[in-house]
Amino acid sequence: MRMVELFKIKKAEIKGIIILLTSLSISSCNTIQKSNFKKEYIHPANGYSQVVSITSGNTKTLYISGQIGEGKDLEAQMHSVFSKLKIELETCGATYKDIVKINTYIVNYKEEYYETFRRIRREVLGTEEMPASTLIGVTSLAKSEYLIEMDAIAVIPLDKTNKK
């Protein structure tokens, strides 16, 4: 009988701990929601924005929508994608060096594309302080002529953006 009573006490204590943790979690969510940050939608069109900029504290984080390539082949489209990324970055006071994450989607990906991808990425981004990167082969993108799409996240200190 004492085991059962002990179990009931433990069960009640656990329930109390869960309630306490839940209330702490909710209050920390409220703190985050009340924190001072600014959200800006840059180049909105057709139901999305090219960039969403979040400024919090001394940092601005840029979420850059997928940029599609233009051109006759994958290599031309890769150069086009990087050019479009550069335009969006510069609009927000950033450069390629501020990118911390890139996702790349290549239609009908073949292993032979990998060296082209790496070569062009090296030409554009250099070889040091590289962003985290994911390369994904996909069956298609929004339109049949698109062979590549790339989205990115960049982080910049506010003092850098204020100098522009």
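Residues numbered from 1 in each chain as written. Predicted model: local features only at pLDDT ≥ 70, side-chain atom pairs only at ≥ 80, totals over all residues. Heavy atoms only, no water.

Quick look at the confidence of the model for the protein chain now. Within the protein chain, residue pLDDT values average 83, and 76% of them lie at 70 or more. Confidence drops under a pLDDT of 50 for residues 23-34, and excluding neighbours within four residues, the segment shows 0 contacts in the predicted structure. (pLDDT = per-residue confidence, 0-100. Contact = heavy atoms within 4.5 Å.)

This part takes up the side chain of Glu88. By the secondary structure assignment, Glu88 is in helix α2 (residues 74-91). Buried and unpaired, Glu88 has Lys84 as its nearest opposite-charge partner, separated by 8.9 Å. Ignoring anything within four residues of it in the chain, the contact list for Glu88 reads His43, Gln50, Val51, Ile64 and Gln67. (Helix = DSSP H or I, 4+ residues; strand = E, 2+ residues; numbered from the N terminus. Buried < 20%, exposed > 50% of the residue type's maximum accessible area, 1.4 Å probe, protein only. Lys, Arg positive; Asp, Glu negative; His and termini not counted. Salt bridge = Lys/Arg side-chain N within 4 Å of Asp/Glu carboxyl O.)

Among the 10 residues that make up strand β3 (residues 59-68), 7 are buried, leaving the element largely enclosed by the rest of the structure. As paired strands, strand β2 (residues 48-56) and β3 are joined by 6 bridges and run antiparallel to one another. Bridging from a neighbouring strand, Val51 pairs with Ile64 of β3. Between β2 and the antiparallel strand that follows it, β3, lie 2 residues; Gly57 among them carries a positive phi value of about 60°. (Pairing = 2+ DSSP bridges.)

Alignment of strand β1 (residues 37-45) against β2, held across 8 bridges, turns out to be antiparallel. Residue pairing across strands places Lys38 opposite Thr55, the latter belonging to β2.

What follows deals with the pattern of salt bridges. By the definition in use, this model includes 4 salt bridges. Note that Glu70 is salt-bridged to Lys84, the shortest N-O span being 3.2 Å. Of this pair, Glu70 sits in the loop between β3 and α2 while Lys84 sits in helix α2; the two residues are 14 residues apart in sequence, bridging distant segments of the chain. Connected via shared salt-bridge partners are Glu75, Arg119 and Glu123.

This part covers α2. Its 18 residues give α2 an end-to-end C-alpha distance of 26 Å, which sits within 8% of 26 Å, the value for a rise of 1.5 Å per residue. Within α2, burial applies to Leu74, Gln77, Met78, Ser80, Val81, Phe82, Leu85, Glu88 and Leu89. Contacts made by the buried residues of α2 are with β1, β2, β3, β4 (99-107), α3 (113-125) and β6 (148-157). Looking at the residues trailing α2, positive phi occurs at Gly93, about 80°. (Expected span 1.5 Å × (residues − 1).)

If you look at the biggest cluster of nonpolar residues, it comprises 24 residues, and the most contacted ones within it are Leu62, Phe82, Leu89 and Met150. Looking at this core, the elements with two or more residues in it are β3, α2, β4, α3 and β6. (Core = buried A, V, L, I, M, F, W, Y, C linked by side-chain atoms within 4.5 Å.)

Read across the open sheet, the 6 strands follow the order β1-β2-β3-β6-β4-β5; overall the sheet is mixed. Each end of this open sheet is capped by a strand with a single partner; those strands are β1 and β5 (132-138). Ignoring strand direction, the axes of neighbouring strands in this sheet form an average angle of 10°. The strands touched by α2 within the sheet are β1, β2, β3, β4 and β6, with β3 carrying the most contacts at an inclination of about 150°. (Axes fitted to C-alpha atoms, helices over the stretch in contact; angles between N-to-C directions.)

Assignment of secondary structure puts Met150 in strand β6. Judged by relative accessible area, Met150 falls into the buried class, the value being 1%. Residues Met150 and Gln67, spaced 83 residues apart in sequence, show a C-alpha to C-alpha distance of 5.2 Å. Contact partners of Met150, with chain neighbours within four places excluded, come to Ser65, Gly66, Gln67, Val81, Phe82, Leu85, Ile102, Asn103, Thr104 and Phe117.

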